[in-house]
Amino acid sequence: MIERPYTYRVLTAEDGASWDALRKEGVRDFPLGFLVTADEAETMTAEKARSILENGTTRGVFDASSLVGYCGLRRETLQQTCHRAEIGPFYVTSAHQGCGAARVLMDGVVSEARTRGIEQLELFVDVENTRALAFYKRHGFEPISVHPDGVRIGGKSRDAHFCILRIGRVMSAVS
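Here the structure is a predicted model, which means the values were calculated and not measured.

Analysis parameters
Residues numbered from 1 in each chain as written. Predicted model: local features only at pLDDT ≥ 70, side-chain atom pairs only at ≥ 80, totals over all residues. Heavy atoms only, no water. Pairing = 2+ DSSP bridges. Helix = DSSP H or I, 4+ residues; strand = E, 2+ residues; numbered from the N terminus. Axes fitted to C-alpha atoms, helices over the stretch in contact; angles between N-to-C directions. Buried < 20%, exposed > 50% of the residue type's maximum accessible area, 1.4 Å probe, protein only. Polar contact = N/O pair within 3.5 Å; in protein donor to acceptor, adjacent residues only side chain to side chain. Salt bridge = Lys/Arg side-chain N within 4 Å of Asp/Glu carboxyl O. Arc of directions from axis to C-beta. Contact = heavy atoms within 4.5 Å. Core = buried A, V, L, I, M, F, W, Y, C linked by side-chain atoms within 4.5 Å.

Asker: Hey, could you run me through the sheet that holds strand E3 (residues 66–75) in this one?
Answerer: Hydrogen bonds along the backbone pair up the strands of a sheet, which may run parallel or antiparallel. In space, the seven strands of this open sheet follow the order E1-E2-E3-E4-E5-E7-E6, with mixed pairing throughout. Looking at which strands have only one partner, the edges of the open sheet turn out to be strand E1 (7–10) and strand E6 (142–153). Neighbour-to-neighbour, the strand axes of this sheet turn through a mean angle of 30°, independent of strand direction. Inspection of the sheet shows strand E5 (residues 120–126) paired to strand E7 (residues 156–166) by seven bridges, in the antiparallel sense. Residue pairing in the sheet places Leu 123 in a bridge with Cys 163 of E7.

Asker: Whenever I open this one, the environment of Arg 152 confuses me. Can you help?
Answerer: With respect to the element layout, Arg 152 can be found in strand E6. On the basis of relative accessibility, which here comes to 56%, the residue Arg 152 falls in the exposed class. In the structure, Arg 152 is positioned 29 residues away from Leu 123 in sequence and 18 Å away in space, judged by C-alpha atoms. A polar side-chain atom of Arg 152 sits 2.6 Å from a polar atom in the side chain of Asp 149.

Asker: Quick question: what am I supposed to make of the pattern of salt bridges here?
Answerer: Between side chains of opposite charge, a pair can form as their charged atoms come close. One pass over the structure, following the stated rule, counts twelve salt bridges. In this structure, Arg 84 engages Glu 122 in a salt bridge whose closest nitrogen and oxygen atoms are separated by 2.5 Å. Here Arg 84 is found in strand E4 (residues 84–92), whereas its partner Glu 122 is found in strand E5, with 38 residues between them in sequence. Through salt bridges with shared partners, one network takes in Arg 59, Glu 112 and Arg 116.

Asker: Help me understand the pairing of E5 in this model?
Answerer: Looking down a regular strand, the side chains alternate between one sheet face and the other. E5 sits mainly inside the fold: six of its seven residues count as buried. One ladder, built from three bridges, connects E4 with E5; its direction is parallel. What sits directly across from Glu 86, in E5, is Glu 122.

Asker: Explanation requested: helix H5 (residues 130–138) in the structure shown.
Answerer: Each full turn of the α-helix corresponds to 3.6 residues, which orients residues three or four apart in the same direction. Listed in full, the buried residues belonging to H5 are Ala 132, Leu 133, Phe 135 and Tyr 136. Seen from one end, H5 has its buried residues packed into an arc of 160°, which puts them on one side. Away from the buried face of H5 by more than 90 degrees, exposed residues Thr 130, Arg 131 and Arg 138 are located. At its buried positions, H5 is contacted by E4, helix H4 (101–115), E5, E6 and E7. In the segment just after H5, Gly 140 is the residue with positive phi, at about 95°.

Asker: Explanation requested: the nonpolar core in the structure shown.
Answerer: Across soluble globular proteins, you tend to see nonpolar side chains buried next to one another. Counting residues in hydrophobic clusters, the biggest one holds 30 residues, and the most contacted among them are Ile 87, Phe 90, Met 106, Leu 121, Tyr 136 and Phe 141. At the level of secondary structure, the elements contributing two or more residues to this core comprise E3, E4, H4, E5, H5 and E7. Sorting elements by how many residues they give to this core places H4 first, with eight residues. Other than its neighbours up to four places away in sequence, Phe 90 contacts Tyr 70, Cys 71, Ala 102, Leu 105, Met 106, Phe 135 and Tyr 136.

Printed below as a string of structure tokens:
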């Protein structure tokens, strides 16, 4: 495997067109990794893509100036849950899989979460998406339960592993 010098950063509204194209590719090629359907993805306008990215919850991995992968990072906002954040969807284009892009993206998300005081990352992965589950496990995620019938693709019920990565200290329960 030849590693490339990928870079990680928060996506901005200016990345809207690239992100939208990559998102549509992912939905088309890897439907088990997305909650949105291909038809729903096609309805995305340039204005809506820019608006979504303006909220600052999407990270990207770049090969030079080309966006080759992205991941959502959404922190819980309530006082009692703000130690947690959900990631996903997590997608790297096929041409850059196995070249280090996914590792740079995951390392960036975990490092950023640590810096922001997030202590637990959470994600869902389809039970049949074994390649993604293996990747998450290599990065320390632990499958802790199965969410039955969490999504239906083409009318077929799909189960998903709920996985967590503890990246900060766990607070003791106060009696």
